Amino acid sequence: MAGREEEIRALEQADLECVWHPFTQMQIYRREKPVIIEKGKGSYLYDTEGNAYLDGISSLWTNVHGHGKAELDAALKAQTDLIAHSTLLGISSVPAIRFAQKLLGAVPPGLTKVFYSDSGSTAVEIALKMAFQYHRQAPKGKRTKKKFLSFVNAYHGDTIGSVSLGGIDLFHDMYRDLLFDTYKVASPYCYRCPYGREYPGCKLDCLLAVEKMLDEHHEEIAALVLEPLVQGAAGMLLQPEGFLRGVRELCSHYGVFMIADEVAVGFGRTGKLFACQHEGVSPDILCLAKGISGGYLPLAATVTSEEIFEGFLGEFVESKTFFHGHTYTGNPLACAVAIASLELFEKERIIENLQPKIAFLTDKLEIFRELKHVGDIRQRGMMVGIELVADKETRESLPVKTARVTR
Ligand SMILES: Cc1ncc(COP(=O)(O)O)c(C=O)c1O
């Protein structure tokens, strides 16, 4: 037992000495004993001290079926008996083919090709480069589309292209000088409507603003990028009914590609497999990651329309190849688990069984409304944000200095 104690203390020491944690102020982190997760089962995480934690953020919105899910474990083990990794650059692999085929059967109609990578940021980065290059390769006279339109409060990841689309000052402002310019339009935020309107009485001024922007700049804009239904990292900001569909119609009308970043909202979080399905929307490009492998391994997919794919076809000398690919793109272990995860959605009728859980959550959230500092409760499916305020009447925000941020 003493050996175990020593081992844990040594791990804590090594964590503080060797590991730089993401999105973490390390000066504060180092003031406290680190929580070191050792195992997981179902909805719970267990640390080295044996404490159990309800994994309420699903290990950063990745875990779908619970930790240690037998079917996913089995798929992973079976694939390790065959091969752990081989490249997808110029050759293929069995799990990458099988998962692409299965995924295309599940995504909104009109999407026909899967381009793999390893994280949400790269899925978005790839979508940007595809939309950009597609227009660069368009017949002469149509090559003016080099810009992107994204939303205030957006979060699309941490690589430079994704950060350029982002609109959360706390994360993004530091890098302004490194980023490329994008057009930005205010995002729907009904609790603090940027247009001073009240939903549902308003006429979706947020959508009118998108229309105005596209009307003025569509000749330059290659694609509009949005998180459909919920801006997650911004604080679970919900889009009013009809907004997503309206954006789709505007993009089609103005000849601008619609890139739906479902990295956070995909794989059941909103109560349907994909958020776009709530409003019958098919984007031109769909970005997926996080829940794609059930929360097991880093995997991402940028799923595109045939039109976009065909824009890249040509002889090698025509230089239309999409020169992008990460070393672990389409990793066979990750794809094998992703197949098993999608199978579980069918076998366990997860979306159907989710509906009473969503209703249960809605019911239980009501008790928080009474609390002095709860200004707004926002829920879409299993995604919930509770906005804390200093004053409920005025909706004045809590000053940042009152936040007790440890990690
Ligand atoms: C909507 C959205 N897009 C992209 C990302 C980036 O994903 P990753 O952290 O896997 O790079 C995130 C991460 O939270 C996200 O919420």
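Structure shown above.
Now for a look at the structure at hand.

## What to know about the packing of helix H4 (residues 70–82) against helix H12 (residues 332–347)
Here is step 1: Remark: H4 packs on H12, axes separated minimally by 8 Å, with the N-to-C direction vectors making an angle of 150°. Regarding the angle of H4 to H12, the classification is roughly antiparallel. Regarding H4 and H12, the two cross each other, and that crossing is right-handed. Listed contacts from H12 to Glu-71, Leu-72, Ala-75, Leu-76, Gln-79 and Thr-80 of H4 are Pro-332, Leu-333, Ala-336, Val-337, Ala-340, Ser-341, Leu-344 and Lys-347.
Here is step 2: When the residues that make up the contact of H4 with H12 are grouped by side-chain class, the tally is nine nonpolar, three polar and two charged.

## As for the pattern of salt bridges
Here is step 1: Counted according to the given criterion, the structure contains 22 salt bridges.
Here is step 2: The shortest N-O distance in the salt bridge between Lys-69 and Glu-348 comes to 3.0 Å. Highlighted residues: Lys-69 in the loop between helix H3 (58–61) and H4 and Glu-348 in the loop between H12 and helix H13 (350–365), separated in sequence by 279 residues.
Here is step 3: Looking at Glu-348, the relative accessible area reads 29%, which means it is partly exposed.
Here is step 4: In this structure, Glu-366 engages Arg-369 in a salt bridge whose closest nitrogen and oxygen atoms are separated by 3.0 Å.
Here is step 5: Among the residues examined, Glu-366 registers a relative accessible area of 39% and is labelled partly exposed.
Here is step 6: A cluster of three or more residues bridged by salt bridges with shared partners is formed by Glu-5, Arg-9, Glu-12, Lys-33 and Glu-49.

The rules behind each value
Residues numbered from 1 in each chain as written. Predicted model: local features only at pLDDT ≥ 70, side-chain atom pairs only at ≥ 80, totals over all residues. Heavy atoms only, no water. Axes fitted to C-alpha atoms, helices over the stretch in contact; angles between N-to-C directions. Helix = DSSP H or I, 4+ residues; strand = E, 2+ residues; numbered from the N terminus. Parallel < 35°, antiparallel > 145°, perpendicular 65-115°, else oblique. Left-handed = near helix turned anticlockwise from the far one by under 90°. Contact = heavy atoms within 4.5 Å. Nonpolar A, V, L, I, M, F, W, Y, C, P; charged D, E, K, R; others polar. Salt bridge = Lys/Arg side-chain N within 4 Å of Asp/Glu carboxyl O. Buried < 20%, exposed > 50% of the residue type's maximum accessible area, 1.4 Å probe, protein only.

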